[in-house]
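Observations on the three-dimensional arrangement
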Amino acid sequence: MIIDTLNNASKYYNLHPNFKKAFDYIYENDIANLTEGIHEIAEGLKAIVIIGEGATKEESIKGFECHDKNIDIQISINGPEVFAWKPREKCSKPNGDYNDEKDVRFFHDAPDMFFQLHEKQFAILYPEDVHAAMIGNGILKKIVIKVKI
């Protein structure tokens, strides 16, 4: 997992061939005014704009998840937004089977930690990062960029 600000995004371009394209999309668009839903960026790269009511920690960790085929770049547009996190290697309580179509695997495990993202901060979550998001008060808006591995 990586946590940083959009001002430092260029430091991570070399970690995946599509990271530069992903962050270019953020820089080239007025992210505060993007409409909710899925936006195709390029082959193997899409942005999902989410607007929703913040949840409690207990409610959010019901969706404690990770992905096998995608890296998430989660960017806070307005927040703060709190995330739950735990390394996948420490998770031992699966919550159902892996859903290949949606590329998601859920767990019943308790998070090891919580962290907070503020406006224009991001987290890069790899397949080994089990996470839950949208923890907070009021309406939260974010972008999740799915980067195909």
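A brief report on the enclosed structure follows. (Residues numbered from 1 in each chain as written. Predicted model: local features only at pLDDT ≥ 70, side-chain atom pairs only at ≥ 80, totals over all residues. Heavy atoms only, no water.)

1. Things to note about the sheet that holds strand 1 (residues 2-5)
Here we have 6 strands laid out as an open sheet, ordered 1-9-5-11-3-2, and antiparallel in their pairing. Edge strands, defined here as strands with exactly one partner in the open sheet, are strand 1 and strand 2 (37-42). Strand-to-strand twist of the sheet, defined as the mean angle between neighbouring strand axes without regard to direction, takes the value 20 degrees. With 9 bridges connecting them, strand 3 (residues 45-53) and strand 11 (residues 139-148) associate as antiparallel partners. Residue pairing across strands places K46 opposite K146, the latter belonging to strand 11. (Pairing = 2+ DSSP bridges. Helix = DSSP H or I, 4+ residues; strand = E, 2+ residues; numbered from the N terminus. Axes fitted to C-alpha atoms, helices over the stretch in contact; angles between N-to-C directions.)

2. Structural notes on the layout of surface pockets
Its volume calculated, the largest pocket comes out at about 610 Å³. Taken together, 26 residues form the lining of the largest pocket, with I48, E65, H67, V144 and K146 sitting closest to its centre. At the level of elements, strand 3, strand 5 (70-78), strand 10 (129-135) and strand 11 are the ones that each hand at least two residues to the lining of the largest pocket. Considering every element that reaches the lining of the largest pocket, the biggest residue donor is strand 3, with 5 residues. (1 Å grid on protein atoms, 1.4 Å probe; cavity = no way out; pocket = protein on both sides within 12 Å on 5 of 7 lines; lining within 4 Å. Points joined across faces, edges and corners; volume = space filled by probe spheres on them.)

3. Regarding the environment of K93
Looking at where K93 falls in the secondary structure, it is placed in the loop between strand 6 (81-87) and strand 7 (105-106). With 35 residues separating them along the chain, K93 and E128 place their C-alpha atoms 15 Å apart. In this view, K93 contacts F107, H108 and D109; residues no more than four positions away in its chain are not counted. (Contact = heavy atoms within 4.5 Å.)

4. Some words on the side chain of N70
Turning to its location among the elements, N70 is positioned in strand 5. A polar atom in the side chain of N70 sits 2.9 Å from the side chain of D103. Only 3.4 Å separates the side chain of N70 from the backbone nitrogen of K148, close enough to count as a polar contact. If we ignore the near neighbours within four places in the chain, the residues touching N70 are D103, P127, K146, V147, K148 and I149. (Polar contact = N/O pair within 3.5 Å; in protein donor to acceptor, adjacent residues only side chain to side chain.)

5. Quick notes on the pattern of salt bridges
Pairs can form between side chains of opposite charge once their charged atoms are near each other. Within this structure, the stated rule accounts for 9 salt bridges. Here R88 ties to D68 by a salt bridge, and the two come within 2.4 Å at their closest N and O atoms. Remark: D68 occurs in the loop between strand 4 (65-66) and strand 5 and R88 occurs in the loop between strand 6 and strand 7; sequence separation between them is 20 residues. Taking the relative accessible area as the measure of exposure, D68 reaches 29% and is therefore partly exposed. Two residues, D112 and K86, come together in a salt bridge whose shortest N-O distance is 3.8 Å. With a gap of 26 residues between them, D112 in the loop between strand 7 and strand 8 (113-117) and K86 in strand 6 connect regions that are remote in the sequence. (Salt bridge = Lys/Arg side-chain N within 4 Å of Asp/Glu carboxyl O. Buried < 20%, exposed > 50% of the residue type's maximum accessible area, 1.4 Å probe, protein only.)

6. What about unusual backbone geometry?
Cis geometry marks the peptide bond from G79 to P80, where omega comes out at 10 degrees. Along the chain, the position of P80 falls in the loop between strand 5 and strand 6. Notably, D103 is not glycine yet its phi reads approximately 50 degrees, a positive angle. Its location among the elements puts D103 in the loop between strand 6 and strand 7. Looking at D103, the relative accessible area reads 5%, which means it is buried. The phi torsion at K120 lies on the positive side, around 65 degrees, for a residue other than glycine. For K120, the position within the fold is in the loop between strand 8 and strand 9 (121-125).

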